[in-house]
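Chains, contacts and geometry: an overview
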Amino acid sequence: MMTAEEVAAIGARAEAMLTELAAISAEPKRLIRLYLTPEHRRAADLVGAWMREAGMTITEDALGTVRGHWRPELNKRLLVGSHIDTVIDAGKYDGPLGVVAGILAVRALAARNAALPFGIDVLAFGDEEGSRFRTTLSSSAACAGIFDCASLAIADADGVTFADALRDYGKDPDGIAAAAYDASNVVGYVEVHIEQGPVLEAKNLPLGVVSGIIGQSRIGVVARGEAGHAGTVPMHLRRDALAGVAEFMTAVETIARKHAGDSMVATVGRIEAFPGATNVIPGRVVFSLDIRSATDAVREEAIQEMKAAAVRIAKPRGLYIDFEPAHATRTTGCTPFLQDVMADAIASLGYQPFRLASGAGHDALSMAKLCPIAMLFVRCRGGISHNPAEFASEADMGLSVAALVRFIEILAAKGAA
Ligand code: GLV
Ligand code: MN
Ligand code: MN
């Protein structure tokens, strides 16, 4: 068991590492680290250096996931991971904390020369957020053997396809199949992540056991009308795509609110009107739709309701609204056995092992297709995330590493391999 001083020192070290990573950004004033960019390369190299320092050997797979291998001679592997890509104007904890926690846990185990029946791979995934391409969780999907090769044709905002971006990054798309783990060698996957919500803070608890991850659908939507002169076309003769989308967005909000009992949330997070001039009626609008709900059937039904609303709104306005599904995941429970191991780990540190569901998506969702999964949530201030104000304390992060080490030790003691 770690001493309080050791836990505090690890928390301080985690904060220092996260600060160093957060300095790697496409812009000086905002944290933006997109998949397969020069920033991704620099972050991957930094993470690789930390892994080496902690006693791991490094490989990188065809999607750029950095893999630190501790005790590579053992066939059985426990996977510990999270992502190093960010949203636009991100905080520094979402994703990187899970990678840093994995590295620090291995460092602690190596320092005491822990004898485990399995080796550990720490995985730093590059595409969890889907901020560059419309994909999300593609790095972990490759590790889980469920990567969808059709996504290689998807282009980013500059028209660069996923496949070309991979090649520019020095990767061979033909190697993706080989990135999959052999399930028979994998003990499980565990991910430490900030909660990104207010529940642990309200409970006054530093850590929580994740019971499951809520399903989500991401859809690209295009509304088409007709561009025209803002000064000459009377209101009743317009086919204003943006005005129609505004009406559609309020319909989306109404539908999501109706299903609040199933924890439904729906968000239009990105929207662009074309041609995009003050004195031109918008002829085309492209926007994203992100829908999440506890029950898959309720989410799917709501999407049908939203499509029906789009037809109803578009028709009298002379618009066409097309939906292009980009990504969908089903609500996925964390493996009961590993939830219990995580609960024991938290309890062994003297804290109540509270269980809560995740409204955010995580790489664990992909990994659940490969192996048993567990997640540990860390309290974050005000529940704020996907925002530069995101914050987790050094003390809580130190505890999360201590809990991860206990999780690994308890799992080993139960003869998991
Ligand atoms: C990932 O951060 C998500 O959007 O849930
Ligand atoms: Mn995340
Ligand atoms: Mn995120």
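Preceding block: the structure.
Residues numbered from 1 in each chain as written. Chains lettered and ligands numbered in written order. Predicted model: local features only at pLDDT ≥ 70, side-chain atom pairs only at ≥ 80, totals over all residues. Heavy atoms only, no water.

Remarks on the overall build of the protein chain
A tally of regular secondary structure across the protein chain gives 11 helices and 16 strands. Computed over C-alpha atoms, the radius of gyration of the protein chain comes to 23 Å, within 12% of the 22 Å expected from 2.2 N^0.38 for 417 residues, which places it in the range of a compact globule. Taking the principal axes of the C-alpha coordinates as reference, the protein chain spans close to 75 × 45 × 40 Å. Relative to its full complement of 417 residues, the protein chain shows a buried share of 55%. Long-range contacts, defined as pairs at least 24 residues apart, comprise 79% of the intrachain contacts of the protein chain with a sequence gap of at least 6. Of the roughly 17000 Å² that the protein chain leaves accessible, carbon and sulfur atoms contribute 54%. Both charge centroids of the protein chain, one from 40 positive and one from 49 negative side chains, sit 2 Å from each other. (Helix = DSSP H or I, 4+ residues; strand = E, 2+ residues; numbered from the N terminus. Rg over C-alpha atoms; globule rule 2.2 N^0.38 Å. Buried < 20%, exposed > 50% of the residue type's maximum accessible area, 1.4 Å probe, protein only. Contact = heavy atoms within 4.5 Å. Areas by Shrake-Rupley, 256 points an atom, 1.4 Å probe, with all protein chains shown as cover. Lys, Arg positive; Asp, Glu negative; His and termini not counted. Charge placed at Lys NZ, Arg CZ, Asp CG, Glu CD.)

Considerations on the coordination of the manganese ion (ligand 3)
Every protein donor of the manganese ion (ligand 3) is listed here as D94 (OD), E129 (OE), E129 (OE) and H386 (NE2), and their distances to the metal cover 2.1 to 2.6 Å. Mapping the donors of the manganese ion (ligand 3) onto the primary sequence yields the spacing D-x34-E-x256-H. Taken as a pair, the manganese ion (ligand 3) and the manganese ion (ligand 2) lie 3.5 Å from each other and share D94 as a ligand. Highlighted residues: D94 in the loop between β3 (77-83) and α3 (96-111) and E129 in the loop between β4 (119-125) and α4 (138-144), separated in sequence by 35 residues. (Donors = N, O, S within 2.8 Å, 3.2 Å for Na, K, Ca; no water.)

Description of the packing of aromatic side chains
Under the counting rule described, the total for this entry stands at 7 aromatic pairs. Seen in terms of ring centroids, F125 and Y189 are 6.3 Å apart; in terms of plane orientation they differ by 45°. Their pairing is tilted. Of the two residues, F125 is situated in strand β4 and Y189 in strand β5 (residues 186-194); the sequence distance between them amounts to 64 residues. Residue class for Y189 comes out buried when judged on its relative accessible area of 0%. When the centroid spacing of 5.1 Å and the interplanar angle of 15° are considered together, the rings of F133 and F162 count as stacked. Here F162 lies in helix α5 (residues 162-168) and F133 lies in the loop between β4 and α4, a separation of 29 residues in the sequence. (Phe/Tyr/Trp six-rings, centres within 6.5 Å; stacked < 30°, edge-to-face > 60°.)

Section: the side chain of Q339
Mapped onto the fold, Q339 is located in helix α9 (residues 336-348). Separated by 3.2 Å, the side chain of Q339 and the backbone oxygen of S211 make a polar contact. What Q339 contacts, discounting residues up to four positions off in sequence, is V209, V210, S211, C334 and R355. (Polar contact = N/O pair within 3.5 Å; in protein donor to acceptor, adjacent residues only side chain to side chain.)

Let's talk about the site of ligand 1
Ligand 1 sits among E128, E129, Q216, R218, R292, A360, G361 and H386. Relative to its free-state accessible area of 200 Å², ligand 1 is covered by the protein chains to the extent of 94%. Residue classes in the shell around ligand 1 are distributed as 1 nonpolar, 3 polar and 4 charged. (Near = heavy atom within 4 Å. Nonpolar A, V, L, I, M, F, W, Y, C, P; charged D, E, K, R; others polar.)

Concerning the coordination of the manganese ion (ligand 2)
Bound to the manganese ion (ligand 2) are the protein donor atoms H83 (NE2), D94 (OD) and H193 (NE2), situated 2.0 to 2.2 Å from the metal. Mapped onto the sequence, the residues coordinating the manganese ion (ligand 2) show the spacing H-x10-D-x98-H.

Observations regarding the nonpolar core
Residues V47, I103, F118, I120, F162, F407 and I408 are the most contacted members of the largest nonpolar core, which totals 83 residues. Those residues in contact with F162, other than ones at most four positions away along the chain, are Y35, L36, L63, F133, T135, S138, F147, S151, L152 and I154. Counting 25 residues, the second largest nonpolar core, distinct from the first, contains I219, F248, I291 and L319. (Core = buried A, V, L, I, M, F, W, Y, C linked by side-chain atoms within 4.5 Å.)

A word on helix α11 (residues 394-413)
For α11, which comprises 20 residues, the first-to-last C-alpha distance of 29 Å matches the rise-based estimate of 28 Å (1.5 Å per residue) to within 8%. Counting buried positions over the 20 residues of α11 gives 15, a clear majority of the element. In the segment just after α11, G415 is the residue with positive phi, at about 70°. (Expected span 1.5 Å × (residues − 1).)

Side note on the pairing of β3
For β3, a buried count of 7 out of 7 residues is recorded, marking the element as mostly surrounded by other parts of the structure. Burial along β3 is two-sided: the residues R77, L79, G81 and H83 and L78, V80 and S82 are all buried. Pairing analysis gives 7 bridges linking β3 to β4, with the strands arranged parallel. Across the sheet, the residue bridging to V80 is V122, located in β4. Traced from β3 through α3 to β4, the parallel crossover comes out right-handed. By the bridge criterion, 4 bridges tie β3 to β5 in an arrangement that is parallel. Each bridged residue has a counterpart across the sheet, and for R77 the counterpart in β5 is V186. (Pairing = 2+ DSSP bridges. Right-handed = clockwise from strand over helix to strand, strands pointing away.)

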